[in-house]
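So you can see what is in the structure, the chains are spelled out below.
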Amino acid sequence: MLRTLVALAGVLLLPACGEGRQSVLNPSGRDALLLYDLALVMFVGALVLWLLVGGLFVYVTRINPREMSRGLAEGLIVGGGVLFPVVLLGGLLVYSLPLMQAPREAGEGMRVHITAEQWWWRVEYELPDGSRVTSANELRLPVGQRTGLVLNAHRVIHAFWVPALGGKADMIPGRETYLSFLPESAGTYRGQCAEFCGASHALMAFETVVMEPEDFEAWLAAEARDATPPQTQEATRGAQVFAREGCGSCHTVRGTQAVGQVGPDLTHMGSRVSLGAGILGVTPPDFANWIAHTETLKPEVAMPSYDHLSPDDLTALAAYLGGLQ
Amino acid sequence: MTRPAPLPVAEGPYPPTEEMLNAPVPPEEQERGKAELRAAWKTPEGWRYFSAVNNTEVGVWYALTAFGFMLLAGLLALAMRVQLAFPGMTFLDADRFNQFFTMHGSAMMFLFAVPMFEAISILLLPAFLGARDMPFPRLSAYGYWCFLIGGCFVLGSLLFDAGPKAGWFMYPPLATEEEGVGPDIWLLGLSFIEVASIAAAVELIVGALKCRPPGMRVNIMPLYAWYVMVVGGMILFAFPPLIAGDFLFELQRSFDWPFFDPERGGDPILWQHLFWIFGHPEVYIVFLPSIAIAAMIVPTVARRPIVGYSWIVLSAVGTGFLSFGLWVHHMFTTGLPQMSLAFFSAASEAVVIPTGIQLFAFIATLMVGRVRMSLPMLWIAGALAIFVAGGLTGVMLAIVPFNWAAHDTYFVVAHLHYTLFGGMVFPVIAGVYYFYPFFAKKLLSERLGRWSFWLIFTGFNVTFLPMHLTGLMGMPRRVFTYPESSGWGTLNLVSTIGAFVVAAGFAVFVYDLLRPKSRQGQIPRNPWDAGTLEFSHDVPEEAWGVRSVPYITSRYPLWDQPKLVERMDAGRYYLPDAPDHQRETVVTSVIDAKPIYVQRVTGPAWITIWAAIFTGGAFIFPTFHIYKPAIVCGAFAIVCVLYWLWTSTARPPRDEMREAGLGLRLPTYTSGPDAVGWWGMWITMLGDATAFASIVFGFFFYWTARPDFLPAGTDHAIGTWVAAAALLGVLAWAATLLAREVNRRGNVMLARLALGLAPLSAAAAAATAWLAVRDLDPVSHVYPAILWALMVWLVVHLCAGIVMQCYCLAGSLFGKVTPRHDADLRNVTLYWHFMALKVLVTAALLGLVPGWLP
Amino acid sequence: MTEITENEDAHEFRSEAVSLWRITFAPLIWAVHFAACYGATALVCAKDGAVDGLRLGIGIGTGVALVAIVWLGWQAWQQWDLVRDRDWENDQGTGEDRHQFLGHAAFLLAVISFIGVSYVALPALLIGTCR
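One numbering rule holds for all chains: residues counted from 1, following each sequence as written. Both sets of labels track the order of writing: A upward for chains, 1 upward for ligands. At least 70 in pLDDT is required for a residue's local features to be given in this predicted model, at least 80 for side-chain atom pairs to be given and counted, and no such filter applies to totals for whole chains, interfaces and linings, which use all residues.

With an unreviewed UniProt entry as reference, chain B is termed cytochrome-c oxidase, source organism Pseudosulfitobacter pseudonitzschiae. UniProt positions are given in the numbering used here, feature names are shortened, and annotations may be inferred rather than shown by experiment. Annotation of chain B in UniProt includes, under Sequence similarities (unreviewed entry), the sentence "Belongs to the heme-copper respiratory oxidase family."

(A) Structural context of the overall build of chain A. Elements are defined by DSSP. Helices are runs of H or I of four residues or more, strands are runs of E of two residues or more, and each kind is numbered from the N terminus. Along its length, chain A carries 8 helices and 10 strands. For 325 residues, the compact-globule estimate of 2.2 N^0.38 gives 20 Å, and chain A exceeds it by more than 25% at 26 Å. Looking at chain A residue by residue over its 325 residues, the buried ones come to 45%. By sequence separation, contacts in chain A at least 24 residues apart represent 64% of the contacts at least 6 residues apart. The globule rule is 2.2 Å times the number of residues to the power 0.38, and the radius of gyration it is compared with is taken over C-alpha atoms. Using C-beta atoms placed from the backbone, we call a residue buried if 20 or more other C-beta atoms fall within 10 Å of its own, exposed if 12 or fewer do, and partly exposed for counts in between. Here contacts are defined at the residue level, using C-beta atoms placed from the backbone and a cut-off of 7 Å between them.

(B) Broad picture of the overall build of chain B. Scanning chain B for helices and strands turns up 26 helices and 5 strands. In terms of overall size, chain B behaves like a compact globule, its C-alpha atoms giving a radius of gyration of 28 Å where 854 residues would be expected to give roughly 29 Å. Across the 854 residues in chain B, those meeting the buried criterion constitute 65%. Here the analysis covers contacts within chain B between residues at least 6 apart in sequence; of these, 81% occur between residues at least 24 apart.

(C) Up close: the interface of chain C and chain B. Residue-level contacts link 43 residues of chain C with 47 residues of chain B. When residues of the side of chain C that touches chain B are traced back to their parent elements, those giving at least two are helix H1 (10-22), helix H2 (25-47) and helix H5 (95-126) of chain C. Along the lines of polarity and charge, the residues of the side of chain C that touches chain B split into 29 nonpolar, 7 polar and 7 charged. When residues are grouped by polarity, Ala, Val, Leu, Ile, Met, Phe, Trp, Tyr, Cys and Pro land in nonpolar, Asp, Glu, Lys and Arg in charged, and all others, Gly among them, in polar.

(D) Unusual backbone geometry, seen in detail. Residue and element names in this part refer to chain B. Cis geometry marks the peptide bond from tyrosine 14 to proline 15; its omega dihedral reads 0 degrees. The topology assignment puts proline 15 in the loop between strand S1 (13-14) and helix H1 (18-22). In this structure, the amide linkage connecting phenylalanine 709 to the following residue, leucine 710, adopts the cis form with an omega of 0 degrees. For leucine 710, the location among the structural elements is in the loop between helix H22 (676-705) and helix H23 (719-744). Even without being a glycine, alanine 650 presents a positive backbone phi close to 50 degrees. Secondary-structure assignment places alanine 650 in the loop between helix H21 (628-648) and strand S4 (657-661).

(E) Structural view of the domain arrangement of chain A. An automatic or database domain assignment supplies the start and end points of every domain. Examined at the domain level, chain A breaks down into domain 1 (2-102), domain 2 (103-205) and domain 3 (233-322). Relative to domain 3 of chain A, the C-alpha centre of domain 1 of chain A lies at a distance of 50 Å.

(F) Region of interest: the confidence of the model for chain A. Predictor confidence is given residue by residue as pLDDT, running from a minimum of 0 to a maximum of 100. Mean pLDDT over chain A stands at 92; residues scoring 70 or higher make up 94%. Low pLDDT (under 50) marks residues 1-7 of chain A, which in the prediction has 4 contacts with non-local residues, meaning those over four places away or in another chain.

(G) Layout of the UniProt feature "domain: Cytochrome oxidase subunit I profile" (unreviewed entry) in chain B. Under the UniProt annotation, "domain: Cytochrome oxidase subunit I profile" (unreviewed entry) lies at residues 35-565 of chain B. Regarding residues 35-565 of chain B, the helix share stands at 67% and the strand share at 0%, and the terminal C-alpha atoms are separated by 19 Å.

(H) Highlighting the sheet that holds strand S3 (residues 132-136) of chain A. Residues and elements named next belong to chain A. If you trace the 5 strands from one edge of the open sheet to the other, you get S3-S2-S1-S5-S8, paired in mixed fashion. Here the strands that pair on one side only, and so sit at the sheet edges, are S3 and strand S8 (177-181). Neighbour-to-neighbour, the strand axes of this sheet turn through a mean angle of 25 degrees, independent of strand direction. Strand pairing is assigned whenever DSSP identifies at least 2 bridges connecting the two strands. Direction of pairing for strand S2 (residues 120-126) relative to S3: antiparallel, over a ladder of 5 bridges. Bridge pairing links valine 123 to serine 135 in S3. The angle between two axes is taken between their N-to-C directions and runs from 0 to 180 degrees, where each axis is a line fitted to C-alpha atoms and a helix contributes only its stretch in contact.

(I) Molecular detail of the packing of helix H9 (residues 268-302) of chain B against helix H12 (residues 352-368) of chain B. All names here are of chain B. Between H9 and H12, the shortest axis-to-axis distance is 8 Å and the interhelical angle comes to 10 degrees. Considering the angle they form, H9 stands roughly parallel to H12. When you trace H9 past H12, the crossing you get is left-handed. Here Ile291, Ala294, Val298, Pro299 and Ala302 of H9 come into contact with H12, specifically with Gln358, Phe362, Thr365, Leu366 and Val368. Split by residue class, the contact of H9 with H12 holds 8 nonpolar, 2 polar and no charged. Note on angle classes: values under 35 degrees are labelled roughly parallel, values over 145 roughly antiparallel, values of 65 to 115 roughly perpendicular, and the remainder oblique. Here a crossing is taken to be left-handed if its near helix is turned anticlockwise relative to the far helix by less than a right angle, and right-handed if that turn runs clockwise.

(J) Main features of the packing of helix H4 (residues 94-128) of chain B against H9(B). All names here are of chain B. Where H4 meets H9, the axes come as close as 10 Å, and the angle between the chain directions of the two elements is 40 degrees. Regarding the angle of H4 to H9, the classification is oblique. Handedness of the H4/H9 crossing: left-handed. Together, Met109, Ala113, Val114, Phe117, Ile120 and Ser121 of H4 and Glu282, Ile285, Val286 and Pro289 of H9 make up the contact between the two elements. When the residues that make up the contact of H4 with H9 are grouped by side-chain class, the tally is 8 nonpolar, 1 polar and 1 charged.

(K) Broad picture of the confidence of the model for chain B. Overall, the prediction assigns chain B a mean pLDDT of 94, with 100% of residues at 70 or greater. The ipTM assigned to the predicted complex is 0.95, against a pTM of 0.95.

(L) Focus on the sheet that holds strand S4 (residues 138-142) of chain A. Residues and elements named next belong to chain A. Sheet architecture is open: 3 strands sit in the order S4-S10-S9, paired in mixed fashion. Every interior strand has two partners, whereas the edge strands, S4 and strand S9 (187-192), have only one. With strand direction ignored, the average angle separating the axes of adjacent strands in the sheet is 25 degrees. Relative to strand S10 (residues 205-211), S4 is paired through 5 bridges, and the arrangement is parallel. Along S10, the bridge assignment pairs arginine 140 with valine 209.

Take a look at the structure:
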């Protein structure tokens, strides 16, 4: 019976398991895997209980509606209402409560400080010497290490969530919350803000790239370096447009005059996998589209739409930003 | 000076014997009684109809209004479902979508679910209890008009594109920083309705405790009355924390006092605590009365008394308590210590047990009976199927690690709609089908009813069952759009289709409800063969409710007391006439329902509408930061309420005793704990004390949660003035108490003197409390701000206390309060007992506690 | 039949008023225990983090609460008087049934409160950290 139900649950959940980089049903971190088991146990249990209660109801009202004894009825209240749930729920608590400890543990890996802004993510990797490497809207993690995430928010409450790697935690102004992930296989997983945070709450996502430890070390070393100077003529002109339009008063491109702190750090923008906090790709047309139509693509965002730029300027800017590898 | 004679008490034979009950009532007596009652209870006609206050009128208006608001909120949901049908839709923009989901949740909770409970209870409770009306009919009418004005104001904001858009739980800082008047509309509009809800709760508790028919002891009262008592109590302890939160929130919005601003020592988490201390019991406040409807329907369907009456009482009371230990399960992701989370996880699992007992008691009743599957029972069956599913996902969500995954996703959206449709919407619709013959004296269509059931039931599951999966596949709630790559498109489209099927079902239901039924003819008086008193009402309808108030000895009097209806109709029981042409109902003792006195019940009036309009002004003007007209409106509202109290409550009667029938003579006036007014005051004060306690909780919350509380080198309140305020406040209390005591002993002059001094002392207390904190700057940090908030709260209550003392003084001067008729004075003294407590606690927090804190 | 003014059962009424309150005593103990556990944890975790002392305190508090609930439950059981008259329902409109009904309700609430207090103590047993 139970096996059939598990199979049935499997059939129900299977189509979901195959797809989706933002799914609890596609776990890839230690905590998410444990959670998946817990969820499966509870689902099967819930289904069985629902069928039992529903079946009992149908039995007493339809299949066998004749009068039954009072003792039986009172026994049902005592057994079904008290004894059975007390044991079952007690067992569930004992099983599940200890499961919440792991995601709060510090772990042996690095610490990453993530601050939520409206509507993007400021990401800072803490190096062993205490210095920080700043990035944005993308999280990179090594496989097999428990990495600690120190979460903060600026202005309003957000929530940090990568379903494939673990649970979520709120990001609250004036408070620090903590979460840790232990990814078990390399891949790219999507995360999204889960606590309503204003007009563009729906458009506040990011990619988590889980890498083999040596790849990660190489990436982090590259990320710590200053920006690559423009390589092509087009890109050089883009850098000029960038400076002329005052982009540097909000954005930082390390190694240049641009040191603004209001918006996301763009030092290695070209090497990221998404744009605009997980809502666009990183092809040159995506850059041009984003810069010209920011306010349409992301309502009420702080950055204005640069729709006065000529197509040539936009192309040049896209080449510059795409070249920031 | 002679001590005045005590007030008379009930005299005569009680309980009635079979012989007395068998004695026939002469026909001319019967006719006289009928004519008198008909005159006294006549519903006003024409445009005066809206001055009616009778529970059958106000209850129906209330229910229809709440239902109308629900349909509007449902339309908002349909618009949102269209927007989400496909990825990247542009049917609604982000701003409008956010206004819609905020309003959908707020309206369903504050304008439908809770008011619907109040509406149904106002409509039905007196009938279940064989009472003629609620104890304070004008209060229900006032509550209704407040609700109507507030509801139209809040919902109307959408038409001006000015609606709140931070979600129905209005988390700061998002909501405190939001521009425009949206959050103010939400806060003030809904505070206004919360006040009306508390008023209704007070009335319902007093109704269930004191207005039962003679003989209906606590062990045989209808289960619905037990639930009303529990839910009323829950409202009393759950709504005030939200009102306190609203108070702090609006102080921040209007005057920039930084309660939720972390930069200046505030903390946004405090709001979450206060909101969910309200918000979780709220779920049960909505669920319990609806399940109470099931508790009335199930025995009728099974044709057997309920099995496990005591078990259901246990489950109602137990759920009432446990539901206050669940609130943090809405905050599992806020980073509280694991152990704290686990307490709430455990309590959330514990509450499953009483809820389960409740459902098993219904199944047990169906087991011992021979079930007749009527239309109401079909809806109850649907409710059971849906609610059990919602309960089981609730068990999952209470498990912390699972909650970390499912929180704020569509899984939660699915869960909460399963609990609310199963726990509220379906049972309420079952109740509409079951009680329609009672309040409309017509029957609804069996065929249309089945159509609407299957449409809503199927549509509901098509809409919400896939959402469990959508949520686990990563879709957060409250998103106005989603990318195609997410893979959520198909499931969302299915949900949208389902939502339109639900809408079709509701359309059928509304049509059935409103279509003309004049050709139906006269229906039977008790069409379901129910056993409880509401189906003893006359068909065609008579406004008097019960022809005479029966003597009850069974849980199902219509089944077990054979000649009951016949005797009621003959006017054999109590209050079969109205010799003074006044509306009256019997007030009985709390436990054994022994008759105590006859309560004069108020009749039609316009003053309630005026009071509601001015109260509305006092709440609505500040939304737009217009304060002077608001103050004027507030003053007029107070004048209206005072006028209504002065002219129609606790007037010394012309005849002190009244022949109540069956040889019993009952007094027409009483004061102190026997009187319903005293209970009303006592219960209101419990709620008020809870709100005050919530602000005190805020003070200690800041202390535990914030390292910069108290800020280094801060100024404190001035000790001398604090001490003076405490002393003067206590003096005002002592003077009030003295006035009550000497007045009772007949020394009217001394009582008047004390009542003259008391308000002066209270006013001085208010002034010194203000002086104590005057030099602190509430904008600079949360510490001075919370001291100011405590001071403001205290001063407002002192002012109310002063008005009451002056009311009693005027009463004494103009003959409304005499040594024997001192109900007003006793109620006001009760207010001042609580006032003294508030004065002392506030003084301790202002003057002593900051020095003690490490 | 008696004259209502005689008030011969005023004394009984007064003791019964206590038993109406008494049905809430056990859940009140649950509420106090719950609030104490939550408050103490919030305080200890915010201020000094002495978790072991906290767990011990919760253990002792739980023991006291459970004993009190068992005692209340025993009293209520006697008031219910099931063993003597085998009356489960107490559904007659008599003083005796009302008295026993209140005992029954108080007994059942004691059972629920016992379960509630035990559940709420589980975290102190299973979790030993403030993190």
